[in-house]
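# Observations on the model geometry
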Amino acid sequence: RLVARGFFKGSKGHFALDATDLETTAKYLGAGKKKYTEWKVDKKTKKAVEVVRLAYGFKVLIVYEVRLRLVVAAKVVPINEHESKYTLTLVRQAVKNLGEGVLRVLLIDRGFLDGLDLWVLKAELGIDFVVPSKDKMRVTEDARGLCRQAEDGESLFKAERRGKKRVDKAGKVKLEGQVSVVGVVGLRSYDQYGDEEHAKQANRKDFVGNALGAVVVTQWQGEEHQVGEEKVFLSSLPVDKPLAVLDLYDLRSLIENTAFRELKQGWYLESYPKKTDKAVTGHVFVTLLTFTLAN
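Reading the values: rules and limits
Residues numbered from 1 in each chain as written. Predicted model: local features only at pLDDT ≥ 70, side-chain atom pairs only at ≥ 80, totals over all residues. Heavy atoms only, no water. Salt bridge = Lys/Arg side-chain N within 4 Å of Asp/Glu carboxyl O. Helix = DSSP H or I, 4+ residues; strand = E, 2+ residues; numbered from the N terminus. Buried < 20%, exposed > 50% of the residue type's maximum accessible area, 1.4 Å probe, protein only. Expected span 1.5 Å × (residues − 1). Arc of directions from axis to C-beta. Contact = heavy atoms within 4.5 Å. Core = buried A, V, L, I, M, F, W, Y, C linked by side-chain atoms within 4.5 Å. Axes fitted to C-alpha atoms, helices over the stretch in contact; angles between N-to-C directions. Parallel < 35°, antiparallel > 145°, perpendicular 65-115°, else oblique. Left-handed = near helix turned anticlockwise from the far one by under 90°. Nonpolar A, V, L, I, M, F, W, Y, C, P; charged D, E, K, R; others polar.

In total, this model carries 16 salt bridges according to the counting rule given. The residue Arg92 makes a salt bridge to Glu124 at a minimum N-O spacing of 3.9 Å. With a gap of 32 residues between them, Arg92 in helix α1 (residues 87-98) and Glu124 in helix α2 (residues 115-124) connect regions that are remote in the sequence. Here Arg92 falls in the partly exposed class, since its relative accessible area comes to 42%. Given the relative accessible area of 55%, Glu124 is considered exposed. Across the pair Arg144 and Asp135 runs a salt bridge whose closest N-O atoms are separated by 2.7 Å. Overlapping salt bridges, with partners in common, bring together Asp135, Arg144, Arg148, Glu224 and Glu230 in one network.

Listed below in C-alpha cells is the structure:
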C-alpha cells in the first residue's frame, strides 16, 4: 500500500539486510537456544576471562530502505538459526512487496556472505550487492596482494579522501576522515560465486571463476593498515570509483542505528505481551508496521 501511494518514488534503491537478537528467558514457548562466549573482568584477579553464556529467544531479520527508513520485509526465527539461511527468502519477499526495480543494491554484513546467494542476487534477481570479505578467503588474499601495485586505470583504481587534523585528549594528531582505497576489477578466485553446478567444478584444472570487484581499504582515519590486514569489500558494482562503493556500504550502519537501536529503545520491540512464539512474532510485526508508518 505504501508503494501504491508513491512512498518509494524517492528511493535510490539502496537497502540493507540484517538481523538482531531478541533475547527472552527459557520459559518462552518456541524460543531457540544458542551458546556464545564473551569476555568479562574477574573481580578477584582483575583479569579478562572468557565466559560461555547461554542465550534464549528469537531473532528478527529485516530488509530496510536506509534513507527513507522503511522496513519492507521481515521474518522472526529462533535465536539459534543462522541469518544467512534466509537471505533469498527475505529479498524475494521485499521484491514482491516493492515491485520490480525498486531494490537495486543490497548492503549486507559478512554473516550473509554466501557465494550461491550472491550469484542469485545478481544473476537472477538483478540486484547488486556490497559485502565485507572474510580474512582467510582466497579472494581476500588476492585483493590484498594486488592493491599495493601501481594503478593502471584498467584493473586497479586508487582513490583518497583527505582528512582534517584533529588533536585528541592525549595530544596525538589524527587525520579525521582520511581514507585511501583501491578498486580491484575482475577477481575470479571466489570459487563459490556461481550456481550450484559452477561450485562443483571448482577443483577442475580448466575451472574459471566468475568475476567480482573488490574495494580494499589501505588507510582509515589516517591510520595505515598493515600489509595483509587491509579491509576488503566484495561487490558486483563497478569499482573504478572505489570511494563511492565504500561510502555506499557505510549506509548499512543505519539499519543498526536508526532501525534496531531505535526499535529496541524507543518502540519497546522486546516488550512481549505473552511468553509464546506467536505472541513475540505478532508483537514484532505490529511494532515494525507502526514504526514504518511513523517514518
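Moving on, there is more to tell.
All right, on to α1 then. Helical periodicity: at 3.6 residues per turn, an α-helix aligns residues three or four positions apart in one direction. Over its 12 residues, α1 runs 16 Å from end to end, which matches the ideal 16 Å to within 8%, given 1.5 Å per residue. All buried positions along α1 are accounted for by Thr87, Leu88, Leu90, Val91, Ala94, Val95 and Leu98. One side of α1 holds all its buried residues, which, seen down the axis, span an arc of 160°. Tucked into the core, α1 has its buried residues touching β1 (14-24), β3 (48-65), β4 (70-78), β5 (105-107) and α2. Gly99 lies just past α1 and shows a positive phi near 90°.

Quick look at unusual backbone geometry now. Even without being glycine, Arg69 reaches a positive phi, approximately 60°. By the secondary structure assignment, Arg69 is in the loop between β3 and β4.

Moving on to the nonpolar core. The biggest cluster of nonpolar side chains holds 44 residues, and the ones touching the most others in it are Phe15, Val63, Leu103, Leu106, Leu118, Tyr190 and Leu234. Top contributing element to this core by residue count: α1, with 6 residues. Each residue touching Leu118, except ones within four places of it in the same chain, is listed here: Ile108, Leu113, Phe129, Val131, Tyr190 and Tyr193. Ranked by size, the runner-up nonpolar core spans 37 residues in total, among them Ile62, Val130, Val245 and Leu288.

Orientation of helix α6 (residues 253-266) relative to helix α7 (residues 277-294), taken along the N-to-C sense of each, is 125°, at an axis distance of 12 Å. Classified by the angle between their axes, α6 and α7 sit oblique to one another. Considering how the two elements wind past one another, α6 and α7 form a crossing that is right-handed. Contacts between α6 and α7 pair Thr258, Ala259, Glu262 and Leu263 from the former with Thr287, Leu288 and Phe291 from the latter. Its residues placed into classes, the contact of α6 with α7 shows 4 nonpolar, 2 polar and 1 charged.

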